[in-house]
Amino acid sequence: LRPEVSGRITQLNFRDGERVRRGQLLVQFDDQLPRAQVQQSQAELSIAQANHKRNQELVAQGFISQRSVDESAANLEVAQAKLALSQATASRLRIVAPFDGVAGIRGVNVGDYLRDGADIVNVEDLDAVFVDFRLPERLQAKVRTGQTSRVVFDALPGVRYSAVVTAINPQIDADGRSIAVRGCIDNRRLQLRPGMFARVTTVFSERPDARVVPEEAIVPDGNSAYVLRVVDGKDEGSKVSKRTPVRLGARTPGFVEVVDGLSPGDLVVTAGQQRIQRDGTPVRVVVLGQ
């Protein structure tokens, strides 16, 4: 919060770190002179109203001209404007909370004289926080408002948050060739604080039924790729390998989507592929850690 005019603080109506309500008076500056001007304007307005009312009665009786009524009406408007001006000047010496939030640690005390624009205290609405991040310009056609991003914080390891994209900067940064994006996080548990460092992963689409395999299972073969499936052998209970070409999709850390070539429930080899030279090689399924 910053004052619009200079003045001396006479009241501080909040404590550091406490919740404040919208419209609550937080700081009062010395307003003796403005209050006197308001009283003077109110008195002048009362006189102007009485004069105008009397002139209206006299013109109806034909004792004065219409010009006198017009002049009194103009004087009434001037008095009303002067009162509004003095009230506006006095209101600038009252600093109220612009919204519900939590007050920070103030840097001023009663009796301090502040210039206009000087810092008084920060007020934060923590129920919802914004996360600002950047994406490469090649992704500008994929990002949309309403999409969800996954956010993690170094200060809160193991906790994930969801941020809804609320705004996208229409201008691309010419230096970094990136686009600025803003997301909103529900923070009603008050675990997050403004200024925290965040790691953001933007979700462009979701496929709940996607088939994924560990990236170690993919064996490159020129411009294509294949996996070694574990299938039933000729003997009962035996397992053998079978080379299966696959078409790959999206990638995530440690996993690859298989668009075509595998069915749900298929077993694939994730280690030792170089020891399998041909299809039909006997294999034994080993569960790591057991």
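Bear in mind that the values here come from a model prediction, so they are computed numbers and not experimental data.

**Quick look at the pairing of strand β8 (residues 128–136)**
In step 1: Only one face of β8 is buried, namely the one carrying V129, V131, F133 and L135, since none of A128, F130, D132, R134 and P136 on the opposite face is buried.
In step 2: The pairing of β8 with strand β11 (residues 178–186) spans nine bridges and is classified as antiparallel. The residue of β11 that forms the bridge with F130 is C184.

**Let's talk about the environment of V123**
In step 1: Considering the arrangement of structural elements, one finds V123 in strand β7 (residues 123–124).
In step 2: We classify V123 as buried; its relative accessible area is 11%.
In step 3: Look past the residues within four positions of V123 in its chain and what remains in contact with it is L1, V20, L26, F99, G101, V102 and A103.

**Let's talk about the packing of aromatic side chains**
In step 1: Inspection of every chain in the model, using the stated rule, returns one aromatic pair.
In step 2: Ring geometry for F153 against Y161: centres 5.7 Å apart, planes inclined by 80°, an arrangement best described as edge-to-face.
In step 3: Judged by its relative accessible area of 7%, F153 is buried.
In step 4: The ring of F130 has R182 sitting right over it, with the charged end atom 5.0 Å from the ring centre.
In step 5: For the cation-ring pair, R243 lies above Y226, with the distance from its terminal atom to the ring centre recorded as 3.9 Å.

**Regarding the pattern of salt bridges**
In step 1: Counting across every chain of the model gives 15 salt bridges.
In step 2: As a salt-bridge pair, D132 and R182 come within 2.7 Å of each other at their nearest N and O atoms. Of this pair, D132 sits in strand β8 while R182 sits in strand β11, placing them 50 residues apart in sequence.
In step 3: For R182, a relative accessible area of 34% corresponds to the partly exposed category.
In step 4: Notably, a salt bridge pairs R199 with D154, separated by 2.9 Å at the nearest N-O pair. In this pair, R199 is assigned in strand β12 (residues 198–203) and D154 in the loop between β9 (148–153) and β10 (156–173), connecting sequence segments 45 residues apart.
In step 5: Owing to a relative accessible area of 46%, D154 belongs among the partly exposed residues under this scheme.

Reading the values: rules and limits
Residues numbered from 1 in each chain as written. Predicted model: local features only at pLDDT ≥ 70, side-chain atom pairs only at ≥ 80, totals over all residues. Heavy atoms only, no water. Buried < 20%, exposed > 50% of the residue type's maximum accessible area, 1.4 Å probe, protein only. Helix = DSSP H or I, 4+ residues; strand = E, 2+ residues; numbered from the N terminus. Pairing = 2+ DSSP bridges. Contact = heavy atoms within 4.5 Å. Phe/Tyr/Trp six-rings, centres within 6.5 Å; stacked < 30°, edge-to-face > 60°. Lys NZ or Arg CZ within 6 Å of the ring centre and 35° of its normal. Salt bridge = Lys/Arg side-chain N within 4 Å of Asp/Glu carboxyl O.

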